[in-house]
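Observations on the three-dimensional arrangement
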Amino acid sequence: NAGVTQTPKFRILKIGQSMTLQCAQDMNHNYMYWYRQDPGMGLKLIYYSVGAGITDKGEVPNGYNVSRSTTEDFPLRLELAAPSQTSVYFCASSSGQGGSPLHFGNGTRLTVT
Amino acid sequence: SQKIEQNSEALNIQEGKTATLTCNYTNYSPAYLQWYRQDPGRGPVFLLLIRENEKEKRKERLKVTFDTTLKQSLFHITASQPADSATYLCAQGGDSGGYQKVTFGTGTKLQVIP
């Protein structure tokens with residue numbers, strides 16, 4: 001009963017490097033989300049997807065890219081890492097029924113130096 | 001754009017008392033509000049959902065209200081316990097961004113003092 005799995009748990013990047021944060025869910029959920037959380041702040045929506053092949057921007061999409069080729073996976077790509085992208089990243093999924101709860105992974109802590 | 005605001009960054013309360021957390025939204029009413037609990041180093045966990053046409057929902061020691069006139073939701077924990085200490089997040093969905101576009105407030109850190 002894995003739920004939402006995020007890898008890696010921790011990562012340190014140098015400025016200008018790129019990486020992909022992985023997110024997988026095994027609940028057959030249509031909706032998936034990426035959020036970032038900075039210290040003392042709430043969750044900011046980066047991108048979300050309502051199904052395979054469909055993605056849309058959230059509140060803070062700049063510097064990030066996503067793809068959704070399968071129902072299960074929703075990777076988040078950072079192309080040119082910047083210190084401002086130092087944050088904890090959370091992936092979530094939901095069934096898409098109105099108001100259905102989001103199920104979160106335990107996050108990826110990313111530091112860009 | 002629509003914003004969700006949780007005015008209190010932190011709330012300290014004595015064990016056994018009722019904790020009340022506030023969530024305000026600007027402009028138009030979201031279709032629903034959700035409340036989540038987040039413990040340090042973990043992802044948020046869903047607690048309660050309340051829809052626009054509902055005034056109150058309860059679950060065990062938890063109660064949430066939705067007042068469209070005041071543009072506010074209140075989240076109550078009765079008979080609070082030290083184990084209730086955590087950060088509580090309010091989230092909205094169903095605004096003009098789409099029914100399942102869920103955005104969050106900044107959270108309130110609750111500390112229950114024994």
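Everything below is about the structure shown above.
Keep in mind it's a predicted model, so treat the numbers as computed, not measured.

1. With respect to unusual backbone geometry
With an omega dihedral of -10 degrees, the bond running from Thr7(A) to Pro8(A) counts as a cis peptide bond. Looking at where Pro8(A) falls in the secondary structure, it is placed in the loop between strand S1 (4-7) and strand S2 (10-13). Of note, the phi angle at Lys71(B) is positive, near 55 degrees, even though the residue is not glycine. A residue is classified by how much of its surface remains accessible, and Lys71(B), at 32% relative accessible area, is partly exposed. Unusually for a residue other than glycine, Ala79(B) sits at a positive phi of about 45 degrees. Along the chain, Ala79(B) falls in the loop between strand S8 (72-77) and strand S9 (86-93).

2. Digging into the sheet that holds strand S1 (residues 4-5) of chain B
Residue and element names in this part refer to chain B. The five strands are arranged S1-S3-S8-S7-S6 in an open sheet whose pairing can be described as antiparallel. In the strand order of this sheet, the two ends are held by S1 and strand S6 (56-59), each with one partner. In terms of strand pairing, S1 meets strand S3 (residues 19-25) through two bridges, oriented antiparallel. Within S3, the position partnered with Ile 4 by the bridge is Tyr 25.

3. Considering the interface of chain B and chain A
Counting residues at the interface gives 21 residues for chain B and 25 residues for chain A. Counting the surface chain B buries against chain A, the share from its top three residues, Gln100(B), Lys101(B) and Phe104(B), is 33%. One can count zero salt bridges joining chain B with chain A. Remark: the boundary between chain B and chain A carries seven residue pairs in polar contact (both at pLDDT 80 or more). Mapped onto the side of chain B that touches chain A, the elements with two or more residues apiece are strand S4 (32-38), strand S5 (45-51) and strand S10 (103-104) of chain B. Here the residues of the side of chain B that touches chain A sort into nine nonpolar, nine polar and three charged.

4. Observations regarding the sheet that holds strand S8 (residues 76-78) of chain A
Think of a sheet as strands paired side by side through backbone hydrogen bonds, with each pair either parallel or antiparallel. Residues and elements named next belong to chain A. If you trace the four strands from one edge of the open sheet to the other, you get S1-S3-S8-S7, paired in antiparallel fashion. Since the sheet does not close on itself, it has two edges, and those belong to S1 and strand S7 (64-66), each with one partner. Ignoring which end each strand starts from, the neighbouring axes of this sheet average 20 degrees apart. By the bridge criterion, four bridges tie S1 to strand S3 (residues 19-25) in an arrangement that is antiparallel. Considered in S3, the bridge of Gln 6 is made with Cys 23.

5. Side note on the state of the cysteines
Within this structure, the stated rule accounts for two disulfides over all chains. The disulfide that involves Cys23(A) links it to Cys91(A), with 1.8 Å between the sulfurs. Judged by the sign of its S-S torsion, about -70 degrees, the cystine formed by Cys23(A) and Cys91(A) is left-handed. Note that Cys23(A) is positioned in strand S3 and Cys91(A) in strand S9 (residues 87-94), a separation of 68 residues in sequence. Just as Cys23(A) is buried, Cys91(A) falls in that class too. Through a disulfide, Cys23(B) is tied to Cys90(B); the S-S separation comes to 2.0 Å. Between Cys23(B) and Cys90(B) the sulfur-sulfur dihedral comes to about -70 degrees; the bridge is accordingly left-handed. One end of the pair, Cys23(B), is in strand S3; the other, Cys90(B), is in strand S9, and 67 residues separate them in sequence.

6. What to know about the nonpolar core
For soluble globular proteins, nonpolar side chains are generally found buried alongside one another. Of all hydrophobic cores here, the largest spans 21 residues; its most connected members are Trp35(B), Phe75(B), Ile77(B), Tyr88(B) and Leu110(B). Mapped by element, the contributors of at least two residues to this core are S3, S4, S5, strand S7 (62-67), S8, S9 and strand S11 (108-113) of chain B.

Parameters and conventions
- Per chain, residue numbering runs from 1 following the sequence as it is written.
- The lettering of chains begins at A and the numbering of ligands begins at 1, in the order of writing.
- Local features in a predicted model are, by the rule used here, given only for residues with pLDDT of at least 70; side-chain atom pairs are given and counted only at 80 or more, and totals for whole chains, interfaces and linings are based on all residues.
- Note that water and hydrogens are dropped before the side-chain values are worked out from all heavy atoms of the structure.
- The helix and strand labels rest on DSSP assignments: H or I over at least four residues marks a helix, E over at least two residues marks a strand, and numbering proceeds from the N terminus.
- Here the term buried applies to any residue with accessible area under 20% of the maximum for its type, exposed to any over 50%, and partly exposed to those in between, with areas from a 1.4 Å probe on protein chains only.
- Any two strands are treated as partners once DSSP identifies two or more bridges connecting them.
- Contacts between residues were defined by any pair of non-hydrogen atoms, one from each residue, lying within 4.5 Å.
- A 1.4 Å probe defines the accessible area here, and the buried area is the portion of it lost by two parts on being joined, summed over both.
- Whenever a carboxyl oxygen of Asp or Glu lies within 4 Å of a side-chain nitrogen of Lys or Arg, that contact is scored as a salt bridge.
- Whenever two N or O atoms come within 3.5 Å, that pair is a polar contact, provided that in protein one can donate a hydrogen and the other can accept it, and provided that, for residues adjacent in sequence, both atoms are side-chain atoms.
- The residue classification treats Ala, Val, Leu, Ile, Met, Phe, Trp, Tyr, Cys and Pro as nonpolar and Asp, Glu, Lys and Arg as charged. All others, Gly included, are polar.
- Where helices are involved, their axes are fitted lines through C-alpha atoms of the stretch in contact, as for all axes, and angles between N-to-C directions lie from 0 to 180°.
- The disulfide definition used here is simple: a pair of cysteine sulfur atoms within 2.5 Å.
- What is meant by a nonpolar core is a set of buried Ala, Val, Leu, Ile, Met, Phe, Trp, Tyr and Cys residues, joined one to another through side-chain atoms within 4.5 Å.

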